[in-house]
Amino acid sequence: MDTDQQQVAFDALIASDGRVEPRDWMPEGYRKTLIRQIAQHAHSEIIGMQPEGNWITRAPSLRRKAILLAKVQDEAGHGLYLYSAAETLGMSREEMLDLLHAGRQRYSSIFNYPTPTWADVAAIGWLVDGAAITNQVPLTRCSYGPYARAMIRICKEESFHQRQGFESQLQLSNGTPEQHAMAQDAIDRWWWPSLMMFGPPDDDSPNSAQSTAWGIKRFSNDELRQRFVDICVPQAQTLGLTLPDPDLCWNAERGHYDYGVIDWTEFQQVLKGNGPCNRQRIATRRQAHSDGAWVREAAAAYAAKKQAAGATVPVAA
Amino acid sequence: MTSPVSEQPGAAPANADVAAYAIRLGDDALILSHRLSEWTAHAPQIEEDLALANIALDLLGQARTLLAYGGAFSGRSEDDLAYLREERQFTNLQLTEIENGDFAVTMIRQLLFSCYQHELYRDLESSTDAQLAAIAAKAVKEVSYHVEHASTWVLRLGDGTELSHDRTQAALDAVWPYSHELFVDDELVRRMADSGVGPLPSVLRPAWLGAVQDVLTEATLVLPDDDWQPSGGRNGLHTEGFGYLLAEMQHLHRSHPGAQW
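Every value quoted in this text rests on a predicted model; they were computed, and no experiment measured them.

(A) Inspection of the interface of chain B and chain A at higher detail. Each side of the interface is counted separately: chain B has 54 residues, and chain A has 52 residues. Between chain B and chain A, roughly 4700 Å² of surface is buried when both sides are summed, and carbon and sulfur atoms account for 68% of that area. The interface formed by chain B and chain A includes two salt bridges. Two residues, R93 of chain A and E47 of chain B, come together in a salt bridge whose shortest N-O distance is 2.5 Å. Between the two partners, chain B and chain A, sit eleven residue pairs in polar contact (both at pLDDT 80 or more). Of all the elements in the fold, those that place two or more residues in the side of chain B that touches chain A are α1 (16–37), α2 (46–72), α3 (78–83), α5 (103–124), α6 (130–158), α7 (162–175) and α10 (241–255) of chain B. Per-element accounting of the side of chain B that touches chain A gives the leading share, twelve residues, to α2 of chain B. Residues of the side of chain B that touches chain A, tallied by class, amount to 25 nonpolar, 15 polar and 14 charged.

(B) Highlighting the side chain of E142 of chain B. All names here are of chain B. Here E142 is to be found in helix α6. By relative accessible area, E142 is classed as buried at 16%. Sequence-distant contacts of E142, that is, excluding residues within four places in its chain, are made with D58 and Q62.

(C) Quick look at the packing of helix α13 (residues 293–308) of chain A against α6 of chain B. Contact geometry of α13 of chain A with α6 of chain B gives a least axis separation of 8 Å together with a crossing angle of 85°. The orientation of α13 of chain A with respect to α6 of chain B, classified from their angle, is roughly perpendicular. Contacts from W294, V295, A298, A299 and Y302 of chain A of α13 of chain A reach α6 of chain B at W153, L155, R156 and L157 of chain B. Of the residues assigned to the contact of α13 of chain A with α6 of chain B, the class counts are eight nonpolar, no polar and one charged.

(D) Expanded view of helix α5 (residues 93–101) of chain A. All names here are of chain A. Listed in full, the buried residues belonging to α5 are M96, L97, L99, L100 and H101. If you follow the buried residues of α5, they end up packed against α2 (28–47), α4 (62–87) and α12 (278–291). Of the residues trailing α5, G103 is marked for its positive phi of about 75°.

(E) Spatial organisation of the packing of helix α6 (residues 119–136) of chain A against helix α7 (residues 145–173) of chain A. Residue and element names in this part refer to chain A. Taken N-terminus to C-terminus, the directions of α6 and α7 make an angle of 145°; their axes are 7 Å apart at the nearest point. Seen from above, α6 lies across α7 with left-handed handedness. Residue-level inspection shows A119, A122, A123, G125, W126, D129, G130, I133 and Q136 of α6 in contact with α7, the latter providing M151, I154, C155, E158, S159, H161, Q162, G165, F166, S168, Q169 and L172. For the contact of α6 with α7, the per-class residue count stands at ten nonpolar, nine polar and two charged.

Parameters at a glance
Residues numbered from 1 in each chain as written. Chains lettered and ligands numbered in written order. Predicted model: local features only at pLDDT ≥ 70, side-chain atom pairs only at ≥ 80, totals over all residues. Heavy atoms only, no water. Contact = heavy atoms within 4.5 Å. Buried area = accessible area lost by both parts, 1.4 Å probe. Salt bridge = Lys/Arg side-chain N within 4 Å of Asp/Glu carboxyl O. Polar contact = N/O pair within 3.5 Å; in protein donor to acceptor, adjacent residues only side chain to side chain. Helix = DSSP H or I, 4+ residues; strand = E, 2+ residues; numbered from the N terminus. Nonpolar A, V, L, I, M, F, W, Y, C, P; charged D, E, K, R; others polar. Buried < 20%, exposed > 50% of the residue type's maximum accessible area, 1.4 Å probe, protein only. Axes fitted to C-alpha atoms, helices over the stretch in contact; angles between N-to-C directions. Parallel < 35°, antiparallel > 145°, perpendicular 65-115°, else oblique. Left-handed = near helix turned anticlockwise from the far one by under 90°.

In short, geometric facts, not functional conclusions.
Right, dumping it as structure tokens:
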């Protein structure tokens, strides 16, 4: 088949809601878009370990410590899973990590906010994981097979994390006055950045139309954001916490909650690298990578020695 | 998906000795778990972020059942024991508390400790104390994996590059002295051995040394001299870095007395 015929076959597959697999022909733009998106997703899992990992050694009960450790472990697993999905498109994990460290691939800007209190761990679970799930559930139907399948498993674990976050938040809210205040303070700081996780408004989202046409994106940024707000309002009521938006109110006509104006200047600033933790997150990531270089080199040298000797070597794990 | 273990131990220990014995084993697991969890997001590769968190989680699970069981004798919960004791009241081995150092120090420490824990738990599976026997039977499977993981890394590091070899030999030289404390017999373990609850630690050393030596030799590492033999952990005497570990671990819990989390 020549390229035109391949393009026709690809378009027909997308139109019939089929799945594109790694060996299938695909337009370069489709491949690049997916690599960018999946790598960003993988990087977010890896960078996301930092703000929560910040509290593992200080968790206030052994039960919470175990839950948090298990969660952060899941995130490392999600990262590995997603890097593998991206690798099926022809870019190695090493290359993606180099691009992350060089600031040429992104991660979710939400992880550039700090976690100064224990309640931030709960807020991340409830709001950040909640927003992530809202974004990711439609991706289980994404046109690229390996990504869609990765998302099915990841969404299951994320929804578990979200429930744990909600439960932790509920415990804090119903706890001592100090715990309640801690929970409210965390919500005050995480609510608006969570809404920004859905990306710029639809009229300012240049890549959305193409991604939608390719069956990568199923709903618009604003649709998903609205869905998230509608889910969160009753949950906040159950929690006994106040979402920090005076304009939040039910709109019977629309059948949705109206919400206030998002500060997109802040979003743009964080995206540009000027959030509270951008530099710290990348510096920590780079440091871990460079500190570990001799370890990875040792593993490679050992594997090469054993291979030369004709032995099978267990894969680094 | 690893789910946290139950806080309910089922039964209280028969006497104060068994309680103290369970608590010292629980302290070992708790403190080493803490050190391993410090690696999160700092490991040499993502597989190791995952593996070290996984081992930390296994150890934390063991710590919780052991502390809950030991504490039940005196009406203290796992959290009472973890968060409300002072440094001199912790009875973990110093090996479990020494700082992570580089990845070689962490892996050598893990090899020495996991091989010890493996011998110990295998013996405890036939303890006359049914609760300890049950805890050991579950934990020994986890520890087999920890031994395998640490062994694999010590081989790669010891027999990898010249740099990794030198770093790993230096790690072994630095950590080895703390291994002697694992096998010290004190009054409590003698009583435990007499009543069939647990083994004399000294009895575990030959098998431990055999296992450890096999790995170190294949890794082209040289066993250090048995000169300096620091100890005191079982009597609540710890290295200077331990107070900082407790300060970090206990601060939030202690800032909110009586709060539920």
